[in-house]
Amino acid sequence: MRPVTRVPPALQVGAYQTYAWAAPRDTRIKSVCEDVGCMAWLHGWTSTFDESTELGRNQADYVRRRSGRDFKESRTAEGLTVFRFAPYQRCFANHETRPAVWWVRGGDWRQDRGLIRRHTSGRDWVEDFAEHQDRLADRLRRG
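What you see is a predicted model; the values in this text were computed from it and never measured.

K.L.:
Can you explain the overall build of the chain? Please cite residues and give values.
P.N.:
On a plain count of helices and strands, the chain comes out with four helices and eight strands. In the chain, the order of α-helices and β-strands from amino to carboxyl end is β-β-α-α-β-α-β-β-β-β-β-α. For 143 residues, the compact-globule estimate of 2.2 N^0.38 gives 15 Å, and the C-alpha radius of gyration of the chain, at 25 Å, exceeds that figure by more than 25%. Across its three principal directions, the C-alpha atoms of the chain cover 75 × 35 × 30 Å. Across the 143 residues of the chain, 27% fall into the buried class. Residue pairs in contact within the chain that sit at least 24 positions apart in sequence constitute 63% of those at least 6 positions apart. Only carbon and sulfur atoms are counted for the fraction: they give 51% of the accessible area of the chain, which is about 10,600 Å².

Here it is in structure tokens:
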């Protein structure tokens, strides 16, 4: 195994925080469109049904009466029914993701100073990380 090469730290161990995340293997959880980056959720989507068939009639009936989605309905020249769904609403797919845990610990590789916080989303963890980098850069500029 290659030896680890580390850049010599410019500040004392207490000035640093370690940012890490982990996701359990082989575990999937149901997720909402927004959390998985669903393009249908972001931009809206179109569904087209042939109501001359029983399946098409059932699908169109579901959309109109029970889906709870915001849509505009139109017809094509061929007689197909087109539903245009607005963005920022749940699509019809069942999304799954791997659960993840994001945490921040005090210190760096020289000394672990314990858990500072556990984030509930990657977005918050990234924001925390960026703010900490800014604080470190300010301290280095001041000397």
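Now that the structure has been shown, we can carry on.
K.L.:
Lay out the sheet that holds strand E4 (residues 71–75) in plain terms, naming residues and giving numbers.
P.N.:
Each strand in a sheet pairs with its neighbour through backbone hydrogen bonds, running either in the same direction (parallel) or in the opposite one (antiparallel). In spatial order, the strands read E3-E5-E4; together these three strands make up an open sheet with antiparallel pairing. Edge positions in the open sheet fall to strand E3 (45–49) and E4, since each of these has one partner strand only. On average, adjacent strands in this sheet sit at an angle of 20° to one another, irrespective of strand direction. The pairing of E3 with strand E5 (residues 81–85) spans five bridges and is antiparallel. Within the sheet, the bridge partner assigned to phenylalanine 49 lies in E5 and is threonine 81. Each of E3, E4 and E5 touches helix H3 (residues 54–65); the most contacted strand, E5, lies at about 35° to it.

K.L.:
Please give an account of unusual backbone geometry that cites residues and values.
P.N.:
The phi dihedral of tyrosine 88 is positive, around 65°, even though this residue is not glycine. For tyrosine 88, the location among the structural elements is in the loop between E5 and strand E6 (95–97). Relative accessible area serves as the criterion here: at 55%, tyrosine 88 is assigned to the exposed category.

K.L.:
Give a description of H3 that names residues and reports values.
P.N.:
In this model, H3 (twelve residues) spans 16 Å end to end at C-alpha, consistent with the 16 Å of a helix rising 1.5 Å per residue. Inspection of H3 places Gly56, Ala60 and Val63 among the buried residues, and these make up the whole buried set. Summarising the axial view, the buried residues of H3 lie within an arc of 60°, below the 170-degree limit, and thus occupy one face. In H3, the exposed residues that point more than 90 degrees away from the buried face are Glu54, Leu55 and Arg65. Close packing links the buried residues of H3 with E3, E4 and E5.

K.L.:
Break down the pattern of salt bridges for me, citing the residues and quoting the values.
P.N.:
Should the charged atoms of two oppositely charged side chains come close, the side chains can pair. The final tally for this structure, using the stated rule, is ten salt bridges. Across the pair arginine 65 and aspartate 61 runs a salt bridge whose closest N-O atoms are separated by 2.4 Å. Placement of the pair is arginine 65 and aspartate 61 together in helix H3, with a separation of four residues, close to one helical turn. Residue class for arginine 65 comes out exposed when judged on its relative accessible area of 65%. Between aspartate 61 and arginine 66 there is a salt bridge, with its nearest N and O atoms 3.1 Å apart. In this structure aspartate 61 comes out as partly exposed when scored by relative accessible area, which is 22%. Members of the salt-bridge network, linked through shared partners, are Glu51, Arg64, Glu73 and Arg75.

Definitions and cut-offs
- Residues numbered from 1 in each chain as written.
- Predicted model: local features only at pLDDT ≥ 70, side-chain atom pairs only at ≥ 80, totals over all residues.
- Heavy atoms only, no water.
- Helix = DSSP H or I, 4+ residues; strand = E, 2+ residues; numbered from the N terminus.
- Rg over C-alpha atoms; globule rule 2.2 N^0.38 Å.
- Buried < 20%, exposed > 50% of the residue type's maximum accessible area, 1.4 Å probe, protein only.
- Contact = heavy atoms within 4.5 Å.
- Areas by Shrake-Rupley, 256 points an atom, 1.4 Å probe, with all protein chains shown as cover.
- Pairing = 2+ DSSP bridges.
- Axes fitted to C-alpha atoms, helices over the stretch in contact; angles between N-to-C directions.
- Expected span 1.5 Å × (residues − 1).
- Arc of directions from axis to C-beta.
- Salt bridge = Lys/Arg side-chain N within 4 Å of Asp/Glu carboxyl O.

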